[in-house]
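Chains, contacts and geometry: an overview
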Amino acid sequence: MPRWVWWVPLGLATLVGALLAFRYGWIAATITETDVINAMTHRYVTQDGSADARVSDCVGLAGQVGGAWITVRCADILYHVNRFGSLISVGAVSGRPST
């Protein structure tokens, strides 16, 4: 068996790894906080919110759990999002701070 046959799988694995690294780097470099807040607000209005859910119910916060880049709070729902724009978890607001 020729030697090049042994190196082709290694070359293909390296190429796929490089393409994935480029893709994730591109996402991390181009995604903005506004993109994440808009996406989670849209999810709240269309899926998770009540019948009277509005875009103005949502606000973006710094990450509130480990691994979260941004936490979007919409009424009593918390959306925790990582740096790549993926939803980590959805939670409920445990309590309101006293004023």
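Residues numbered from 1 in each chain as written. Predicted model: local features only at pLDDT ≥ 70, side-chain atom pairs only at ≥ 80, totals over all residues. Heavy atoms only, no water.

**Regarding the pattern of salt bridges**
- By the definition in use, this model includes two salt bridges.
- Between arginine 54 and aspartate 57 there is a salt bridge, with its nearest N and O atoms 3.5 Å apart. (Salt bridge = Lys/Arg side-chain N within 4 Å of Asp/Glu carboxyl O.)

**Some points on the side chain of asparagine 82**
- Looking at the secondary structure, you find asparagine 82 in the loop between β3 (77–81) and β4 (87–92).
- If we skip the residues at most four places from it in the chain, asparagine 82 touches Gly67, Trp69 and Ile88. (Helix = DSSP H or I, 4+ residues; strand = E, 2+ residues; numbered from the N terminus. Contact = heavy atoms within 4.5 Å.)

**Some points on helix α2 (residues 33–48)**
- Within the span of α2, buried status applies to Val36, Met40, Thr41 and Tyr44. In a view along the axis of α2, the buried residues occupy a sector of 130°, so they form one face of it. Turned more than 90 degrees off the buried face of α2, the exposed positions are His42 and Gln47.
- Next to the buried residues of α2 lie β1 (58–62), β2 (70–74), β3 and β4. (Buried < 20%, exposed > 50% of the residue type's maximum accessible area, 1.4 Å probe, protein only. Arc of directions from axis to C-beta.)

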